[in-house]
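Spelled out, the chains give:
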Amino acid sequence: MRLAAIFLWHRKKSTRTFPFCGFDYLIARHGAFYEHYRHKPDATPLVSVIMRTHGNQIVWLRESIASVLRQTYPNIELIIVEDGGACAKTFVEDVISKAPHRKIKYFSLPKQGRSATGNVGLSKATGEFMMFLDSDDYLYADHIEVLAEELLANIHISVVYSLAWEVTTKLGDEKDGAPRIQDFSYTLLPTYLQEFSLYALRENNLMPIQAPIFRRSVYEKCGGFDTQLEYLEDWNLWLRYAHYFNFKQILKLTSCYRVTCDEDMFNQRAAILKKERDLALKSYEDFVSHKVV
């Protein structure tokens, strides 16, 4: 400890994504000491991970798929659905050939849009539990285990979700013939820390699309995405699910979703989402008024 001041004085400033602050990291993953349930090894129902992708997204897709294959939960099927082409087909087939013991399925579609693509993934999934992971987002290794164990522990809960970082990112210089993903900032939005209620969910989307895992029975009762929506389709889905089923929030950060670090593009998307908010809310209200319980 006598040399601490000298060490800190002479140390170069970190250029890493997670810089040091004194002897600790400046950014820490929320919920590191959260203690989740643990069930017997045979109590591992199949979890279907539905991944939407489009265009030439291989550089992103590689990380997303890897994050699924590295999960500590043992029983997972990955459903990859590409909208408007087959750019990812060769890459995914190569992944399947190198991991033949994994349950991976790939489907290519004519251009249908985000919501319809997600619905195809839902229709192909066979798991008792289900979740989404878009091809530019990724999971930490314990994401599925933590949430699936919560569903197993409480039969009265149908949807469980955890915290997530919003990561600003861009494609940087090429490395080994492919552009590198550069992440710049990790932010836990205050909205995601709100205690769950249907009222709070009506005011704000309390979770990004990859954060929840839900039971198949939820999908069978309420269906998938509204295909009339190209934005906020996930918020609309959570509203419909929350109207009929119980949600539980887990205060542990287990995933990340990426947003552009280009300020103009970010602001343009924010303006679109603000404009589309009323449409997504009306779709939910129409669904509730016509749904037969």
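Thresholds applied
Residues numbered from 1 in each chain as written. Predicted model: local features only at pLDDT ≥ 70, side-chain atom pairs only at ≥ 80, totals over all residues. Heavy atoms only, no water. Phe/Tyr/Trp six-rings, centres within 6.5 Å; stacked < 30°, edge-to-face > 60°. Helix = DSSP H or I, 4+ residues; strand = E, 2+ residues; numbered from the N terminus. Buried < 20%, exposed > 50% of the residue type's maximum accessible area, 1.4 Å probe, protein only. Lys NZ or Arg CZ within 6 Å of the ring centre and 35° of its normal. Contact = heavy atoms within 4.5 Å. Axes fitted to C-alpha atoms, helices over the stretch in contact; angles between N-to-C directions. Parallel < 35°, antiparallel > 145°, perpendicular 65-115°, else oblique. Left-handed = near helix turned anticlockwise from the far one by under 90°. Nonpolar A, V, L, I, M, F, W, Y, C, P; charged D, E, K, R; others polar.

S.K.: Any chance you could explain the packing of aromatic side chains here in plain terms?
M.R.: Two aromatic rings, taken as a pair, are described by how far apart their centres are and by the angle between their planes. With the rule as written, the count across this model stands at 13 aromatic pairs. Ring centres of phenylalanine 132 and tryptophan 238 lie 6.5 Å apart, and the angle between their planes is 55°; this geometry places the pair in the tilted category. Of the two residues, phenylalanine 132 is situated in strand E6 (residues 129-132) and tryptophan 238 in helix H8 (residues 233-244); the sequence distance between them amounts to 106 residues. Residue classification places tryptophan 238 among the buried positions, given a relative accessible area of 0%. Here tyrosine 138 and tyrosine 140 contribute two aromatic rings whose centre-to-centre distance is 6.1 Å and whose plane-to-plane angle is 75°, an arrangement assigned as edge-to-face. Overall, tyrosine 138 belongs to the buried group, its relative accessible area being 11%. Taken together, Phe132, Phe214, Phe225, Trp238 and Tyr241 form an aromatic cluster joined through their ring pairs. Across from the ring centre of tyrosine 244, 5.1 Å away, lies the NZ or CZ of lysine 221, which sits over that ring.

S.K.: Which parts of the structure should I look at to understand the side chain of serine 115?
M.R.: Checked against the element boundaries, serine 115 lands in helix H4 (residues 114-124). Sequence-distant contacts of serine 115, defined by excluding residues within four places in its chain, comprise Arg52, Phe225, Asp226, Thr227, Leu229, Glu230 and Glu233.

S.K.: Looking at this structure, how should I read the packing of helix H2 (residues 58-69) against helix H3 (residues 89-98)?
M.R.: How two helices sit against one another is set out by the angle between their axes and by the gap between those axes. It is the contact of H2 with H3, at a shortest axis distance of 11 Å, that shows an interaxial angle of 25°. One way to sum up the angle between H2 and H3 is to call them roughly parallel. Seen along the crossing, H2 lies across H3 with a hand that is right-handed. Contacts between H2 and H3 involve Ile58, Leu61, Arg62, Ile65 and Leu69 on the former and, on the latter, Phe91, Val92 and Val95. Grouping the amino acids of the contact of H2 with H3 by side-chain chemistry returns seven nonpolar, no polar and one charged.

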